[in-house]
Amino acid sequence: MSDQEVSNKQVALKNYVTGFPKESDLQIITTDTIRLRVPEGTKDAVLVKNLYLSCDPYMRERMSASDGGFPPFELGKPLTGYGVAKILDSTHPNYKKGDLAWGFTGWEEYSLIVSPQILFKIEHTDVPLSYYTGILGMPGMTAYAGFYEICTPKKGEYVYISAASGAVGQIVGQFAKLSGCYVVGSAGSKEKVDLLKNTFGFDEAFNYKEEPDLTAALKRCFPEGIDIYFENVGGKMLDAVLANMRIRGRIAACGMISQYNLEKREGVHDLTHIVFKEIRMQGFLAATYYHLYPKFLEMALPYLKQGKIVYVEDIAEGLDSGPSSLLSIFTGKNVGKKLVVVAPE
């Protein structure tokens, strides 16, 4: 097996993007051959077969030529992102052939990962492996860190989540309910609003596209104001939230998907609320909190197994669907966590 040479299908960036990305900005390429073992003399490396790939909003930043905090993708090279993979060969002390892992890998059938910075061995296989692209992977850690570490919720507090049916929002909402909070979410379709209320157990939800006045919509949902805002959207939504925050409210800034495809990004119109209401707003990245991953699993796994948390996935089949799948998250076509199945388990 390890000496076998195979072709390797990949999803690559064809050109850097300004504005909304198009499918033609990405391309499917197939390399001649890859040998299914770690090259001789390469230490601390794993050769993996990718099983699932995660479509994540931050990847849009890497499709631009400028470094906006994340380094740009290399043109003509496979995209990199979070995924679930099976180890085929290893010179890394922590991994052996047959192990499963989640973390940073290539958008291709097989990847050589040298000195993996972000790779976690999967110890619990009694849950769907795809969950490690979502609730048990980076989105789950994002929800956990943002909600518990940054927002420090108290029972009875009022929580608002934008993009609430997405990979992260659906988890935050359920964490908030389990913490005894009152929870409202917004999403962009009736189907998603129904999902929030009927599947995820939100107290209330609304379709932001049907609200001509977002400030009034939030006032209607939160007559007493908002204690905790889990920010996924930015732009006009952030303006409306600031006007509705309570004294000493907390905002965890996880993402701002409304801004990623704009050539000229929008500003916030009234930041005085932060001063007069003593609001704390903090941006964060999941990777900063990965040292808490074991603690997170201790909490999340029992919730999942007991059915106290449900997780909705939007699954596309095959690497050929990679470009359309990735772009779908920027137009709201996805319902739940978007991921691509590269190979059957």
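Residues numbered from 1 in each chain as written. Predicted model: local features only at pLDDT ≥ 70, side-chain atom pairs only at ≥ 80, totals over all residues. Heavy atoms only, no water.

Draft legend 1. Main features of the domain arrangement of the protein chain. What the domain assignment reports for the protein chain is domain 1 (5-134 + 312-341) and domain 2 (138-287). The distance between the C-alpha centroids of domain 1 and domain 2 comes to 29 Å. Counting from both sides, the interface comprises 23 residues of domain 1 and, opposite them, 18 residues of domain 2. Buried area between domain 1 and domain 2, summed over both chains or domains, comes out near 1600 Å², and the portion from carbon and sulfur atoms is 62%. For domain 1, the biggest contributors to the area lost against domain 2 are E61, V312 and V335; these three give 27% of the whole. (Domains from an automatic or database assignment. Contact = heavy atoms within 4.5 Å. Buried area = accessible area lost by both parts, 1.4 Å probe.)

Draft legend 2. Geometry of helix α3 (residues 190-198). Three or more residues of α3 are buried, namely K192, V193, L195 and L196. The arc enclosing the buried residues of α3, seen along the axis, measures out at 155°, which places them on a common side. Relative to its buried face, α3 has exposed residues pointing more than 90 degrees away, namely K190, E191 and N198. Contacts made by the buried residues of α3 are with β9 (182-187) and β10 (204-207). (Buried < 20%, exposed > 50% of the residue type's maximum accessible area, 1.4 Å probe, protein only. Helix = DSSP H or I, 4+ residues; strand = E, 2+ residues; numbered from the N terminus. Arc of directions from axis to C-beta.)

Draft legend 3. Fine view of the pattern of salt bridges. Within this structure, the stated rule accounts for 20 salt bridges. For K77, the salt bridge identified is with E74, shortest N-O distance 3.5 Å. The closest approach of N and O atoms between E204 and K197, which form a salt bridge, is 3.7 Å. Taken together, the salt bridges that share partners define one network made up of K96, D99 and K121. (Salt bridge = Lys/Arg side-chain N within 4 Å of Asp/Glu carboxyl O.)

Draft legend 4. Structural detail: the packing of helix α1 (residues 138-150) against helix α2 (residues 169-178). Remark: α1 packs on α2, axes separated minimally by 9 Å, with the N-to-C direction vectors making an angle of 45°. Relative to α2, the element α1 lies oblique. As α1 packs across α2, the resulting crossing turns out to be right-handed. Only I171, V172, F175 and A176 of α2 make contact with α1, whose side of the interface consists of P139, G140, A143, Y144, F147 and Y148. For the contact of α1 with α2, the class distribution of residues is nine nonpolar, one polar and no charged. (Axes fitted to C-alpha atoms, helices over the stretch in contact; angles between N-to-C directions. Parallel < 35°, antiparallel > 145°, perpendicular 65-115°, else oblique. Left-handed = near helix turned anticlockwise from the far one by under 90°. Nonpolar A, V, L, I, M, F, W, Y, C, P; charged D, E, K, R; others polar.)

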